[in-house]
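Tertiary structure, described
As a plain string of letters, each chain reads:
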Amino acid sequence: MENFFEEKADEYKKLLAEYIEFQDEKALYGVELVSKAFIKHNILPEEIVNIHIKALKELYPDLFASFEHSLDFLLEAMISYGLAHQEIQNLREQQIALKSEISVAAQMQKTLLKTKKPDIAGLDIGVISVPANQMNGDYYSFLQNLDGTIGIAMADVIGKGVPAALCMSMIKYSLDSLPKESTPPPVILGNLNRVVERNTESNMFITMMYGEYNPETGKLVYSFAGHEPGYYYCADEDRFTEFSTAGLVLGVSEDVEYEQAEIEIAKNDMIVLMTDGVTECRDGDRFIEIDEVFDVIRQYLHLSAQDMVQEVYRYFERLQDFQLQDDFSLLILRKTV
């Protein structure tokens, strides 16, 4: 390294002398190659300035004092610049490494939280969940019970990033560990609430809706834990009706009781579930109204449920200039027989 430095310093001095005398392009091209060699060997800016100062003093030993002082001043400036530049480079490298790790974590989360959409005769299901950033704080799941009923879960962590993703993984595996028998939604939410309350920080909460649909009766029994209300669409009346139950968000208190209610779904009617990333979409500086969501859904009633949720998402994605402010999750169940 020392030989390299001395060799390049000598080359730099020769090129400097040539340029001062002739101002030709050849010297400029030569110093460009020297600079690239400096970069390759991680030579700092202040070291290059110091090479320049020494070369000038050797070439012109009678430099006047004020000029020498100005060069010393430049050297001090470059020392500070070099330290700051090195710190920025380190931060950039750390940022790149962190982005890479988050990207891997996001892909793992996508795989871990993946749930299979059930194929139920007489029921058309559409669902979409798109994170605003790399990690998704929303979650949905379908559970197929031994008696033929279908568990439907939708949740939203009050928080962002990796902690929210870890919470969702906990909810997913808690649901997966449940017995495959039909279980009342209040019991499900009560069990999950205790898991969340015991295993998360005091500032981490989860809103959730859990319902159980019976294909034979067409009934959906459900409970809510502080989650966005669901909506029942009556096809004959072309009307959306809100439904929900009282219940504290998961993780606030260990001893919480949840209410249960039910809806009987008629042919061509729909159940619409969502997270607040849908209802809090922005149109410029204002939040949209829920009726605007209904109007968009009505535009695509002729499509399948899956195509419907895709088109609704695309509409609100365009409305927000393709910059989601929050995770966007929408689930539609439509009875077809």
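Scroll up for the structure.
Below or above, wherever it landed, is the structure these notes cover. Given the structure is predicted, the values throughout are model-derived calculations rather than measurements. (Residues numbered from 1 in each chain as written. Predicted model: local features only at pLDDT ≥ 70, side-chain atom pairs only at ≥ 80, totals over all residues. Heavy atoms only, no water.)

Describing the packing of helix H8 (residues 290–299) against helix H9 (residues 305–319)
Heads up, the condition is: Note on geometry: axes are C-alpha line fits, over the in-contact stretch for helices, and angles between N-to-C directions span 0 to 180 degrees. Strands here mean DSSP runs of E at least two residues long; helices mean DSSP runs of H or I at least four residues long; both are numbered from the N terminus. Just so you know how the angles are binned, under 35 degrees is roughly parallel, over 145 roughly antiparallel, 65 to 115 roughly perpendicular, and the rest oblique. Handedness of a helix crossing follows the sense of rotation of the near helix relative to the far helix, less than a right angle counterclockwise being left-handed and clockwise being right-handed. The contact definition used throughout considers only heavy atoms, calling two residues in contact when any of these lie within 4.5 Å. Classification used: nonpolar for Ala, Val, Leu, Ile, Met, Phe, Trp, Tyr, Cys and Pro, charged for Asp, Glu, Lys and Arg, polar for all others including Gly.
For the pair H8 and H9, the least separation of the axes is 9 Å and the interaxial angle reads 130°. Classified by the interaxial angle, the pair formed by H8 and H9 is oblique. Classified by chirality, the crossing of H9 by H8 is right-handed. Taking contact as the criterion, the partners of Glu-292, Val-293, Val-296 and Ile-297 in H8 are, on H9, Met-308, Val-312, Tyr-315 and Phe-316. Split into classes, the residues belonging to the contact of H8 with H9 amount to seven nonpolar, no polar and one charged.

Side note on the pairing of strand E3 (residues 150–158)
Worth spelling out the cut-off: Working definition: with a 1.4 Å probe on protein chains only, accessible area under 20% of the residue-type maximum means buried, over 50% means exposed, and in between means partly exposed. Following DSSP output, two strands are said to pair if at least two bridges run between them.
Along E3, eight of the nine residues are buried, which leaves the element largely enclosed by surrounding structure. Alignment of strand E2 (residues 138–144) against E3, held across seven bridges, turns out to be antiparallel. Residue pairing for E3: Tyr-139 is matched across the bridge by Ala-155. Between E2 and the antiparallel strand that follows it, E3, lie five residues; Gly-148 among them carries a positive phi value of about 95°. Note that E3 and strand E4 (residues 205–214) share nine bridges and pair antiparallel. Among the inter-strand pairings, Met-154 is bridged to a residue of E4, identified as Met-209.

As for the layout of surface pockets
Vacant regions in the atomic arrangement are exposed by a probe of water-molecule size rolled over the atoms. Convention followed: A pocket here means an open set of points on a 1 Å grid, computed over the protein atoms alone, that has protein on both sides within 12 Å along at least five of seven lines. A cavity is instead a set of points where a 1.4 Å probe fits but cannot get out; residues with an atom within 4 Å of a point line either one. Grid points are joined across faces, edges and corners, and a volume is the space filled by probe spheres set on the points.
In this model, the second largest pocket occupies a volume close to 360 Å³. Along the wall of the second largest pocket there are 15 residues; nearest its centre are Asn-42, Ile-43, Leu-44, Pro-45 and His-85. For the lining of the second largest pocket, the leading source of residues is helix H4 (residues 65–112), giving six residues.

Notes on the pattern of salt bridges
Rules: Any Lys or Arg side-chain nitrogen found within 4 Å of a carboxyl oxygen on Asp or Glu counts as a salt bridge.
With the rule as written, the count across this model stands at 14 salt bridges. The closest approach of N and O atoms between Arg-286 and Asp-283, which form a salt bridge, is 3.4 Å. Measuring nitrogen to oxygen at the nearest pair gives 2.9 Å for the salt bridge that ties Glu-311 to Arg-314. Here Glu-311 pairs with Arg-314, and both are found in helix H9, just three residues apart, close to one helical turn. Residue classification places Glu-311 among the partly exposed residues on the basis of a relative accessible area of 23%. Three or more residues are tied together by salt bridges with common partners; here these are Asp-238, Asp-295 and Arg-298.

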